[in-house]
Amino acid sequence: MWPALRAGSFEIMSERVKIKRVRVTDLKAMKRRGEKIAMLTAYDALLARLLDRAGIDILLVGDSVGMVLLGYETTIPVTLDAMIHHTRAVSRGVHRALVVADMPFLTYQTGALKALANAGRLIQEGGAHAVKIEGGKPVAKTVRRLVDAGIPVMGHLGLTPQAVNQLGGFRRQATTKEDADRLTADARALQDAGVFALVLESIPADLAKAVTAGLSIPVIGIGAGPHCDGQVLVTHDMLGLTGDAAPPFARKFAELENAIIDAVKNYAKEVRDGR
Ligand code: KIV
């Protein structure tokens, strides 16, 4: 296990290595250069450390922690205190990646000043570098308030899980022309309000392509096709740890669920055999 070290530098076999933090300005430059951005979720220091060492650019402390780790059916029960707890853990594990914390349900919809105070806690107490907010035009004023206070904000459109009860389930979004036009207008409103990047979740690939081409900020897709400026997945989905609960668009890059079950079965057998 690596020792806890100052951000910006760490030791490998007594060799001092300088690490340059990923900043929101770097992401815009990456879009200009046509370099794709790799983003994943993280909820704890252990996994955050591994993802950071693997070179992931953005670690999202998603409110998906509620479903992936805490056993809730939706992200709605996740509290601000829980998000601060997990964000603090992720921040402790990271030297390079930009840490973005989700603002949970009803911590930003009840007024810009309340949103500012809550975002401030994720930054000050959690150590996040930025926050993420779901929604379009209705949250644009709040986004502007946070950005004016120096808090970088990431937007999130398409399938916005905090609105699951209104959307009628975790289903693909913006499949009609009317909804696609609304999403395009929302994306423009968020850019105008000052978001530094935008997540598009579970929408048609051609719509994501058009939105990506029409904005100067980086667009990160999840279930939105290959044409975005970057991609994000829930880490536990792409590692094959969430079984049937993973959404159909979440490609698996490993099958750790079975690897863990096999390892634990072997352990239990050796214990029972008295070895
Ligand atoms: O909470 C989360 O993990 C997210 C990603 C799916 C984008 O918002």
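## Quick word on the site of the ligand
- Surveying the vicinity of the ligand reveals the residues Thr41, Leu60, Gly62, Asp63, Ser64, Asp102, Lys132, His156, Glu201, Ile222 and Val234.
- Side-chain polar atom of Asp102 to an oxygen atom of the ligand: 3.0 Å apart, as the coordinates give it.
- Between the ligand and the protein, one listed contact pairs an oxygen atom with a side-chain N or O atom of Lys132 at 2.9 Å.
- In the complex, 96% of the free accessible area of the ligand, which totals 260 Å², lies under the protein chains.
- Classifying every residue of the shell around the ligand gives three nonpolar, four polar and four charged.

## Here's the deal with a nonpolar patch on the surface
- A cluster of nonpolar side chains, namely Leu69, Leu70 and Tyr72, defines an oily patch on the protein surface of about 260 Å² accessible area.
- On the secondary structure map, Leu69 appears in the loop between helix H3 (65-68) and helix H4 (80-93).
- The class of Leu69 is partly exposed, set by a relative accessible area of 39%.

## What about the pattern of salt bridges?
- What the rule picks out here adds up to 14 salt bridges.
- The salt bridge partner of Asp148 is Arg144, with a shortest N-O separation of 3.2 Å. Of this pair, Asp148 and Arg144 both sit in helix H6 (residues 140-148), four residues apart, which is roughly one turn of the helix.
- Assessed through its relative accessible area of 33%, Arg144 is described here as partly exposed.
- Through salt bridges with shared partners, a single network forms among Lys269, Glu270, Asp273 and Arg275.

## A closer look at the side chain of Asp57
- With respect to the element layout, Asp57 can be found in the loop between helix H2 (45-53) and strand S4 (58-61).
- In this structure Asp57 comes out as buried when scored by relative accessible area, which is 7%.
- Beyond its immediate chain neighbours, meaning those up to four positions away, Asp57 contacts Val22, Met30, Lys36, Ile37, Ala38, Arg96, Ala97 and Leu98.

## Section: the pairing of strand S9 (residues 219-222)
- Here S9 shows two buried faces, one formed by Val219 and Gly221 and the other by Ile220 and Ile222.
- As judged from the four bridges shared by strand S8 (residues 197-201) and S9, these two strands associate in the parallel manner. Considered in S9, the bridge of Glu201 is made with Ile222.
- A crossover connection joins S8 to the parallel S9 through helix H9 (residues 205-214); in handedness this β-α-β unit is right-handed.
- For S9 and strand S10 (residues 230-233), the ladder comprises two bridges, and the chain directions are parallel.

## What to know about the sheet that holds strand S3 (residues 37-41)
- Pairing in this closed barrel of eight strands is parallel, and the strands run S3-S4-S5-S6-S7-S8-S9-S10 around the ring. Here the average twist between neighbouring strands, direction ignored, is 25 degrees.
- In this structure, strand S5 (residues 98-102) lies alongside strand S6 (residues 130-134), joined through three bridges in parallel fashion. Directly across from Ala101, in S6, lies its bridge partner Val131.

## Looking at the environment of Tyr72
- Tracing the sequence through the fold places Tyr72 in the loop between H3 and H4.
- Taking C-alpha positions, Tyr72 is 27 Å from Asp52, a pair spaced 20 residues apart along the chain.
- Discounting residues that sit within four places of it in the chain, Tyr72 has contacts with Gly66, Met67 and Pro77.

## Here we look at the environment of Phe170
- Within the element layout of this structure, Phe170 appears in the loop between helix H7 (164-167) and helix H8 (177-193).
- Sequence separation between Phe170 and Gly127 is 43 residues; the distance between their C-alpha atoms is 30 Å.
- Setting aside chain neighbours within four positions, we find Phe170 in contact with Met67, Glu73, Thr74, Leu159, Pro161 and Val164.

Cut-off values and rules
Residues numbered from 1 in each chain as written. Predicted model: local features only at pLDDT ≥ 70, side-chain atom pairs only at ≥ 80, totals over all residues. Heavy atoms only, no water. Near = heavy atom within 4 Å. Polar contact = N/O pair within 3.5 Å; in protein donor to acceptor, adjacent residues only side chain to side chain. Areas by Shrake-Rupley, 256 points an atom, 1.4 Å probe, with all protein chains shown as cover. Nonpolar A, V, L, I, M, F, W, Y, C, P; charged D, E, K, R; others polar. Patch = residues over 30% accessible without salt bridge, like charges linked within 9 Å, V, L, I, M, F, W, Y side chains within 5 Å. Salt bridge = Lys/Arg side-chain N within 4 Å of Asp/Glu carboxyl O. Helix = DSSP H or I, 4+ residues; strand = E, 2+ residues; numbered from the N terminus. Buried < 20%, exposed > 50% of the residue type's maximum accessible area, 1.4 Å probe, protein only. Contact = heavy atoms within 4.5 Å. Pairing = 2+ DSSP bridges. Right-handed = clockwise from strand over helix to strand, strands pointing away. Axes fitted to C-alpha atoms, helices over the stretch in contact; angles between N-to-C directions.

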